[in-house]
Amino acid sequence: MKWLLSKLGLLKQHKKTQGLKEDLSFFKTSLQANAIACQWLLRKQTQLLLRQSKGPALMIRIRDASGDGTVASKLVELSLKATQAQIEVPSASGQILLELGYRTVGGDFITLEYSFIDLGPKKILQPELANWFSNESDNIHQEMYDLATKVTPLGGSEVMPLSR
């Protein structure tokens, strides 16, 4: 049977797919109480590339992917030997993009694997507006002038002689 499969070219194809299954990478994330649990495995070629590069370090970049214009991100640096990490949840709502990758010598971030986490609709709390002028005194301009000059005349209109 093997002889027939080899003649048809199917045996070689089976061996190739078996080799691919052994050298796959993955990045799995799960939400836990106030933390995101991450697990990953990198291909042997990727691990070799990272070891040969200058300043090798794996990184997980966390970015807000809610699409509301928010530009927030966080980088967590990891050891090359690490295969898992626990990261504090940066937000209680919205969509989060987690990227497993590394930085090049030029400073670019190269993504190896990624995962999205949906924390539900994003809730934005509006800050309370303070009324800065509610306690303004009647003599505010003179008080500001006195504070600025520290009660020392600067030589302005206060030193001009009065003409009669």
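Below: a short report on this structure. Since the structure is predicted, the reported quantities are computational estimates derived from the model, not experimental observations. Along each chain, numbering runs from 1 in the same order as the chain's sequence is written. Predicted model: local features are reported for residues with pLDDT of at least 70 only, side-chain atom pairs are reported and counted for 80 or more only, and whole-chain, interface and lining totals are derived from all residues. In computing side-chain values, all of the structure's heavy atoms are included and hydrogens and water are not.

**Quick word on the nonpolar core**
The condition that has to hold: Residues belong to a common nonpolar core when they are buried Ala, Val, Leu, Ile, Met, Phe, Trp, Tyr or Cys residues joined through side-chain atoms within 4.5 Å. Residue exposure (1.4 Å probe, protein chains only): buried if accessible area is under 20% of the type maximum, exposed if over 50%, otherwise partly exposed. Only runs of H or I of at least four residues qualify as helices and only runs of E of at least two qualify as strands under DSSP, and these elements are numbered from the N terminus. Note on contacts: a residue pair is in contact if any heavy atoms of the two residues lie within 4.5 Å.
Among the nonpolar cores identified, the biggest contains 20 residues, and Cys 38, Trp 40, Ile 60 and Leu 98 are the most heavily contacted of them. Of all the secondary structure elements, the ones that give two or more residues to this core are β2 (35–41), β3 (58–64), β4 (73–78), β5 (84–88) and β6 (95–103). With four residues, β6 is the single largest residue contributor to this core. Not counting residues within four places of it along the chain, the set of residues in contact with Leu 98 comprises Phe 27, Thr 29, Ile 36, Cys 38, Ile 60, Arg 61, Ile 62, Glu 113, Tyr 114, Ser 115 and Ile 117.

**Re the sheet that holds strand β7 (residues 109–118)**
Stated precisely, the cut-off is as follows: DSSP bridges decide pairing: two strands pair if at least two such bridges lie between them. A fitted line through C-alpha atoms represents every axis, and for helices the fit uses only the stretch in contact; the resulting angles, taken between N-to-C directions, go from 0 to 180 degrees.
In space, the four strands of this open sheet follow the order β4-β3-β6-β7, with antiparallel pairing throughout. Both outer strands of the open sheet, β4 and β7, are each paired with one neighbouring strand and no more. With direction set aside, neighbouring strand axes in the sheet form an average angle of 20 degrees.

**Details of the pairing of β6**
Of all nine residues that make up β6, seven are buried, and the element is covered over most of its length. One ladder, built from nine bridges, connects β6 with β7; its direction is antiparallel. Considered in β7, the bridge of Leu 97 is made with Phe 116. Linking β6 to β7, which pair antiparallel, is a turn of five residues; within it Gly 107 sits at a positive phi near 100 degrees.

**Observations concerning the side chain of Ser 93**
The topology assignment puts Ser 93 in the loop between β5 and β6. Contacts of Ser 93, omitting those with residues within four sequence positions, involve Leu 119, Gly 120, Pro 121, Lys 122 and Lys 123.

**A closer look at the pattern of salt bridges**
Heads up, the condition is: By salt bridge we mean one thing: a side-chain nitrogen of Lys or Arg within 4 Å of a carboxyl oxygen of Asp or Glu.
Across all of its chains, the model carries three salt bridges by this definition. When the shortest N-O distance is used, the salt bridge between Arg 63 and Glu 99 registers 3.3 Å. You can see Arg 63 sitting in strand β3 and its partner Glu 99 sitting in strand β6, a full 36 residues away along the chain. Residue Arg 63 is classed as partly exposed on the basis of its relative accessible area of 32%. In this structure Glu 99 comes out as buried when scored by relative accessible area, which is 6%. Because the salt bridges share partners, they merge into one network encompassing Arg 61, Arg 63 and Glu 99.

**Thoughts on the environment of Thr 46**
Mapped onto the elements of the fold, Thr 46 is located in helix α3 (residues 44–52). Through-space distance from the C-alpha of Thr 46 to that of Ser 25 is 9.3 Å; in sequence the pair is 21 residues apart.

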